[in-house]
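# A closer look at the structure
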Amino acid sequence: MIWGLVAAFALLAVGLYGLLALRNLIKLTIALQLMMKGGLIAVVLAGDAVGQRGLGESLGVTLIIADTVAAVIGLALAVLVRRRLGSLDIEVVSKLRG
Amino acid sequence: MESLVLLLVALICAIQAVRSAQLLIAALWLAGVSACIALFLYALGAHAIAVIELSVGAGLVTILMVFAITMVGEDSEPHQPVVPRWMAIALPAAVLILAAGLLLNAGISSSADAAPDESLSAVLWQLRGADVAAQLALIFAGVLGLLALLADDREEPGASSLWVEAESDEPSAQFRVAEKSEVDLEEVGSPQ
């Protein structure tokens, strides 16, 4: 139980490092996925800890759906940015002026 | 014990996914993380969510990632991060330290021996029905967002000119096909 929560926070930390240190848009999507997976473990274990496993699992299903939609939108944005700007670097995107 | 091994393997896969230079390899490491988490959840007794995580996290998302990487190609990662390297390490370390402090003070214990109050399906369809509707709306929003983002292919000059040519071409090929089919029918019916 305690090791599951430690692993969940470790996954959260690895994903946060990836979000801060990486510049590739697809790698950023992967880092976001890692953070979501840490959250999934934490939610299921929290439901288990308070004796409401069904509630924890249902929140986990919600998290998986949100995770997948975020991945789809992030990958579509990466494909679009690559087509328009020729690069996946977020520095190129941040130099856009509307 | 096996749960601890699975979590360790998941953590190693996660570190490799962040460290990997090639996007395709990173996507495969991420699939490994999802598979390990699904096995951990199955060992925990959460069978339904383990199957969902394995099929969606390790299956669907990996296929989408491989598809997107195939479309955009491999792109070399710039060496200079956006934020300073020490900050990128210090912030996750601070998160870990805070979480460890919370866990030690909370004294969390597992209630796995106690019978679960309600099953996943009962909670999902009775207690959280509105959330299920919101999830469906989220899926449709995701699909619409995807279509809106990738819709610029239809506005390419070559594609639009083809449509214009097809529409302005008179007499169209459809009429020719119709005329030919009438002739064929007459030829077939003439011996009688």
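Residues numbered from 1 in each chain as written. Chains lettered and ligands numbered in written order. Predicted model: local features only at pLDDT ≥ 70, side-chain atom pairs only at ≥ 80, totals over all residues. Heavy atoms only, no water.

A separate point is the interface of chain B and chain A. Contacts between the two partners involve 75 residues from chain B and, on the opposite side, 68 residues from chain A. Both sides of the chain B and chain A interface together cover about 6400 Å² of buried area, and 75% of this is carbon and sulfur. Between chain B and chain A we count one salt bridge in total. Lys37 of chain A is the salt-bridge partner of Glu53 of chain B, the closest N and O atoms lying 3.2 Å from each other. If you look at where chain B meets chain A, you find six residue pairs in polar contact (both at pLDDT 80 or more). Counting residues per element, the ones that place at least two in the side of chain B that touches chain A are α1 (2-19), α2 (23-44), α3 (47-72), α4 (85-106), α5 (120-127) and α6 (129-149) of chain B. Broken down by element, the residue count for the side of chain B that touches chain A peaks at 14 residues, all from α3 of chain B. Split by residue class, the side of chain B that touches chain A holds 54 nonpolar, twelve polar and nine charged. (Contact = heavy atoms within 4.5 Å. Buried area = accessible area lost by both parts, 1.4 Å probe. Salt bridge = Lys/Arg side-chain N within 4 Å of Asp/Glu carboxyl O. Polar contact = N/O pair within 3.5 Å; in protein donor to acceptor, adjacent residues only side chain to side chain. Helix = DSSP H or I, 4+ residues; strand = E, 2+ residues; numbered from the N terminus. Nonpolar A, V, L, I, M, F, W, Y, C, P; charged D, E, K, R; others polar.)

Our next topic: the pattern of salt bridges. All names here are of chain A. The full count for this structure, using the stated rule, is four salt bridges over all chains. Ionic pairing is found between Asp89 and Arg23, a salt bridge with its closest N-O pair at 2.7 Å. Of this pair, Asp89 sits in the loop between α3 (53-85) and α4 (90-94) while Arg23 sits in the loop between α1 (2-21) and α2 (25-49), placing them 66 residues apart in sequence. For the pair shown, Asp89 and Arg23 are each scored as buried. For Asp48, the salt bridge identified is with Arg53, shortest N-O distance 3.0 Å. As far as burial versus exposure is concerned, Asp48 and Arg53 are alike and both buried. (Buried < 20%, exposed > 50% of the residue type's maximum accessible area, 1.4 Å probe, protein only.)

Further remarks concern the packing of α1 of chain A against α2 of chain A. For any two helices packed against each other, one specifies the inter-axial angle together with the distance between the axes. Residue and element names in this part refer to chain A. Running from amino to carboxyl end, α1 crosses α2 at an angle of 160 degrees, the nearest separation of the two axes being 8 Å. Compared by their axis directions, α1 and α2 come out roughly antiparallel. Crossing of α1 against α2: the hand is left-handed. Where α1 approaches α2, its residues Gly4, Leu5, Ala8, Leu11, Leu12, Val14, Gly15, Leu16, Gly18 and Leu19 are matched on the opposing element by Leu28, Ala31, Leu32, Leu34, Met35, Lys37, Gly38, Ile41, Ala42 and Leu45. Each residue belonging to the contact of α1 with α2 can be placed in one class, and the counts come to 15 nonpolar, four polar and one charged. (Axes fitted to C-alpha atoms, helices over the stretch in contact; angles between N-to-C directions. Parallel < 35°, antiparallel > 145°, perpendicular 65-115°, else oblique. Left-handed = near helix turned anticlockwise from the far one by under 90°.)

By size, the foremost hydrophobic cluster in this structure holds 49 residues, and its most contacted members are Ile26 and Ile41 of chain A together with Ile37, Leu41 and Ile49 of chain B. For this core, the secondary structure elements donating two or more residues are α1, α2 and α3 of chain A together with α1, α2 and α3 of chain B. Apart from residues lying up to four places away in sequence, Ile26 of chain A is in contact with Leu75, Ala78 and Leu88 of chain A together with Leu23, Ile69 and Val72 of chain B. (Core = buried A, V, L, I, M, F, W, Y, C linked by side-chain atoms within 4.5 Å.)

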